[in-house]
Amino acid sequence: PRQRPLRHAGPRGRGAATAEADAASLAPCLSAAAPAPRRTTHYAEAVRLAPQLAEAHSNLGTALKGLGRHAEAAASYSAAIRLKPHLCEAHKNLGAALTELGRPRDAVASFATALDINPQFWPALYDLLDGQQFLCDWRGREARLRELERHLDEWHSRGRLGAGPTERLHAGLAPFHTLVWPVSDKTRRRVALSRVRRDVEA
């Protein structure tokens, strides 16, 4: 769809609300297939228009991460969290950026915070398990693995990736994750087949 022109508004009153609306409208206008530099420019403009919009900072962080600019991505995610402390996606993505920066302990803390906010934000659980394994930190692992296997059994009993609004939460589950988790071979096959279906349908 054609992107409508942005209105440059002042910082107060109706102008501020208009600027925030313009910034929020940028996200759905940009295709996920757009080149990473274009996404970065796009979301940087959103942040300029509405610096108090946490989602704009989070989106910019994801675009920067796609360019390998992990330190800047972490700064953007941190800005999003300051504005909206319960934005669990920003905590999870901050953890991913910190992992790339060689800060695994801080990354694990971010993944755990995301799960504290939303215990059913499964990508954070996947990353938390991997991060703890890297650190040889086994605290709470057995309980988390039981919850994970229960979740995967429920997930696959539906015969598809996720259900309704939670479907997007499972896109990050790659089959290789399950190779280091004590889950059944049946579960591993289901994860692999679900990923193949997703990739074929994309």
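Preceding this section is the structure that the text describes.
Everything in this summary refers to the structure shown in the same document. (Residues numbered from 1 in each chain as written. Predicted model: local features only at pLDDT ≥ 70, side-chain atom pairs only at ≥ 80, totals over all residues. Heavy atoms only, no water.)

1. Re helix H3 (residues 54-66)
Inclusion rule: Strands here mean DSSP runs of E at least two residues long; helices mean DSSP runs of H or I at least four residues long; both are numbered from the N terminus. Expected span of a helix, by definition, is 1.5 Å for each gap between consecutive residues, and there is one gap fewer than residues. Relative accessible area decides the class of each residue, using a 1.4 Å probe on protein chains only: under 20% of the type maximum gives buried, over 50% gives exposed, and in between gives partly exposed.
Here H3 is 13 residues long and its end C-alpha atoms lie 19 Å apart, about the 18 Å a rise of 1.5 Å per residue gives. Of all the residues in H3, the buried ones are Ala54, Ala56, His57, Ser58, Leu60, Gly61, Ala63 and Leu64.

2. Thoughts on the pattern of salt bridges
Our working rule: One speaks of a salt bridge when a side-chain nitrogen belonging to Lys or Arg is within 4 Å of a carboxyl oxygen belonging to Asp or Glu.
Applying the stated criterion to the full structure yields eight salt bridges. When the shortest N-O distance is used, the salt bridge between Lys84 and Glu55 registers 2.4 Å. In this pair, Lys84 is assigned in the loop between helix H4 (70-83) and helix H5 (88-100) and Glu55 in helix H3, connecting sequence segments 29 residues apart. Looking at Glu55, the relative accessible area reads 30%, which means it is partly exposed. Residue Glu147 pairs with Arg150 through a salt bridge whose shortest N-O separation is 2.6 Å. Taken together, the positions of Glu147 and Arg150, both in helix H8 (residues 141-157) and three residues apart, correspond to about one turn of that helix. Looking at Glu147, the relative accessible area reads 30%, which means it is partly exposed.

3. A word on the nonpolar core
Which entries qualify depends on this criterion: The criterion is simple. A nonpolar core is a set of buried Ala, Val, Leu, Ile, Met, Phe, Trp, Tyr and Cys residues joined through side-chain atoms within 4.5 Å. Note on contacts: a residue pair is in contact if any heavy atoms of the two residues lie within 4.5 Å.
Core analysis: the biggest nonpolar cluster contains 42 residues, and Leu94, Leu125, Tyr126, Leu129, Leu148, Leu173 and Trp181 have the highest contact counts within it. Counting only elements with at least two residues in this core, the list comes to helix H2 (36-49), H3, H4, H5, helix H6 (104-117), helix H7 (122-135) and H8. Among the elements that make up this core, the one with the highest residue count is H7 (seven residues). Ignoring sequence-local partners within four residues, the contact set of Trp181 consists of Tyr126, Leu129, Asp130, Arg141, Leu145, Leu148, Leu173 and Arg188.

4. A few points about the environment of Val108
Considering the arrangement of structural elements, one finds Val108 in helix H6. Given the relative accessible area of 11%, Val108 is considered buried. Separated by 26 residues in sequence, Val108 and Phe134 have C-alpha atoms that sit 10.0 Å apart. Ignoring any residue separated from it by four or fewer positions in sequence, one finds Val108 in contact with Leu128, Gly131, Gln132 and Leu135.

5. A few points about H5
For the α-helix, the turn length of 3.6 residues means that residues three or four positions removed from each other point alike. Between its first and last C-alpha atoms H5 spans 19 Å; for 13 residues at 1.5 Å apiece the expected length is 18 Å, and the two agree. Listed in full, the buried residues belonging to H5 are Cys88, Ala90, His91, Lys92, Asn93, Leu94, Gly95, Ala96, Ala97 and Leu98. Considering only its buried residues, H5 is in contact with H3, H4, H6 and H7. Of the residues one or two after H5, Gly102 is the one with positive phi, at around 75°.

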